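# Tertiary structure, described
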Amino acid sequence: MSAALVGYSSSEEEQEQEQDGGSRGGGAQGPPGPGGCGGVAAAGARRRRRERAAFLLLFLVLTPLRSRSAGRPRLPVPAVPGDPDPEEAVSADSSRHGGRVRGFPHERGNWATHVYLPYVAQEEFLELLELLVSHARTFVPSLAAMEEFHLSLSQCVVLRYHWIEPFVRSLRERLAAFHRFFCVADQVKVYTNQNKTRTFIGLEVSAGHFQLLELVSEVDGVLEEFDLPTFYKDPSFHISLAWCVGDLAGRLEGQCLRELQDIVDGFEESEFLLRIQWEQIRCKSGNKYFSFPLR
């Protein structure tokens with residue numbers, strides 16, 4: 001707020017004006033008499049009234065502005081180009097992620113990226129999942145059922161923020177010609193991650209390898225453009241069902257694995273249930289999702 005909006009003069013200016021007015025009234029001034037003292041007192045009173053009026057005006061102008069701004073949400077701090085969004089901040093504390101350990105250290109501006117086929121589970125699939133996990137927990141009580149399901153077409157790789165757009169564009173171009181297809185995932189298998197920090201139970205694909213390998217070939221081509229690790233040379237395509245912390249494959253293989261396979265084989269209409277049609281490919285980079293519909 002500029003002082004010009006208020007428009008009152010300073011006390012020094014008023015003193016100069018009073019002195020000028022005194023000199024305009026006549027020559028040399030003698031000692032002030034009763035009338036002179038009254039004039040000075042009146043001028044001081046007028047000055048105080050103007051100052052009070054100016055302060056009141058300033059208060060009335062500024063108060064609504066403060067009250068309006070107090071009710072507004074604060075604007076976010078502008079993001080620095082190349083930095084991740086606030087949601088992309090990641091904690092390295094494994095206790096906050098169910099005991100899972102990151103495969104690579106988190107660095108600001110690095111976005112964990114994964115290409116996969118998403119699977120939306122139907123009610124019958126969830127019933128089968130509950131049967132399998134309940135039985136497997138008699139061997140490994142710490143097993144937890146997966147909440148989302150997918151079939152991987154890439155490893156989890158690291159993208160710099162400014163690579164995301166060209167990476168997704170290249171994926172879209174390479175995957176544009178692919179059609180929808182079916183595969184069968186009906187073989188129970190136990191997996192561990194590369195660092196042996198987690199163990200999984202999954203349904204391995206028994207039919208549909210050719211189409212999956214074609215997709216992986218195109219995704220690998222994009223990864224090579226950015227000098228990133230490609231997919232495994234002899235992949236075991238699967239849908240993960242449950243997981244636990246640590247390398248507990250020895251406790252799940254053998255008898256447990258055979259009994260889980262019996263549950264799958266004996267489940268009503270399992271042949272129809274586990275014949276899956278893939279309709280889209282998805283890329284997840286940090287907190288961003290990109291979909292590529294199959295024709």
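Structural notes, computed from the coordinates. (Residues numbered from 1 in each chain as written. Predicted model: local features only at pLDDT ≥ 70, side-chain atom pairs only at ≥ 80, totals over all residues. Heavy atoms only, no water.)

## What about helix α7 (residues 255–266)?
Compared with an ideal rise of 1.5 Å per residue, which puts 12 residues at 16 Å, α7 spans 17 Å between its outermost C-alpha atoms and is within 8% of the ideal. For α7, every residue scored as buried is listed here: Cys256, Leu260, Gln261 and Val264. Here the buried residues of α7 occupy an arc of 135° about the axis, which is enough to place them on one side. In α7, the exposed residues that point more than 90 degrees away from the buried face are Arg258, Asp262, Asp265 and Gly266. Residues of α7 that are buried in the fold lie against α3 (123–136), β5 (181–192), β6 (198–207), α6 (249–252) and α8 (270–273). (Helix = DSSP H or I, 4+ residues; strand = E, 2+ residues; numbered from the N terminus. Expected span 1.5 Å × (residues − 1). Buried < 20%, exposed > 50% of the residue type's maximum accessible area, 1.4 Å probe, protein only. Arc of directions from axis to C-beta. Contact = heavy atoms within 4.5 Å.)

## Side note on the side chain of Asn193
Position of Asn193 among the secondary structure elements: in the loop between β5 and β6. Asn193 gets classed as buried once you look at its relative accessible area, which sits at 19%. Engagement of the side chain of Asn193 in a polar contact is seen with the backbone nitrogen of Lys196, the distance being 3.0 Å. A distance of 2.7 Å separates the side chain of Asn193 from the side chain of Thr197, its partner in a polar contact. Dropping the residues within four chain positions of it, Asn193 is found in contact with Arg198 and Phe200. (Polar contact = N/O pair within 3.5 Å; in protein donor to acceptor, adjacent residues only side chain to side chain.)

## Remarks on the nonpolar core
By size, the foremost hydrophobic cluster in this structure holds 60 residues, and its most contacted members are Leu117, Leu151, Leu153, Phe167, Leu171, Trp278 and Ile281. The residues contacting Ile281, other than those within four sequence positions of it, are Val115, Tyr116, Leu117, Pro118, Leu153, Leu175, Leu215, Phe290, Ser291, Phe292 and Leu294. (Core = buried A, V, L, I, M, F, W, Y, C linked by side-chain atoms within 4.5 Å.)

## Remarks on the packing of aromatic side chains
Within this structure, the stated rule accounts for eight aromatic pairs. Ring centres of Tyr119 and Trp278 lie 6.4 Å apart, and the angle between their planes is 75°; this geometry places the pair in the edge-to-face category. Note that Tyr119 is positioned in strand β1 (residues 110–119) and Trp278 in strand β8 (residues 275–278), a separation of 159 residues in sequence. As far as burial versus exposure is concerned, Tyr119 and Trp278 are alike and both buried. Ring geometry for Trp163 and Phe226: centres 6.1 Å apart, planes at 50°, overall tilted. With a gap of 63 residues between them, Trp163 in the loop between β4 (157–160) and α4 (164–175) and Phe226 in the loop between α5 (209–225) and β7 (238–245) connect regions that are remote in the sequence. On the basis of relative accessible area, Phe226 is assigned to the buried category, the value being 15%. Put simply, the rings of Tyr119, Phe125, Phe149 and Trp278 touch in pairs and so form one group of aromatic residues. One cation-aromatic arrangement involves Arg275 over Phe182; the distance from NZ or CZ to the ring centre is 3.9 Å. (Phe/Tyr/Trp six-rings, centres within 6.5 Å; stacked < 30°, edge-to-face > 60°. Lys NZ or Arg CZ within 6 Å of the ring centre and 35° of its normal.)

## As for the packing of α3 against α7
Taken N-terminus to C-terminus, the directions of α3 and α7 make an angle of 160°; their axes are 10 Å apart at the nearest point. With respect to each other, α3 and α7 are oriented roughly antiparallel. Our pair here, α3 against α7, has a crossing hand that is right-handed. Residue-level inspection shows Leu128, Leu131, Leu132, His135 and Ala136 of α3 in contact with α7, the latter providing Cys256, Glu259, Leu260, Ile263 and Val264. (Axes fitted to C-alpha atoms, helices over the stretch in contact; angles between N-to-C directions. Parallel < 35°, antiparallel > 145°, perpendicular 65-115°, else oblique. Left-handed = near helix turned anticlockwise from the far one by under 90°.)

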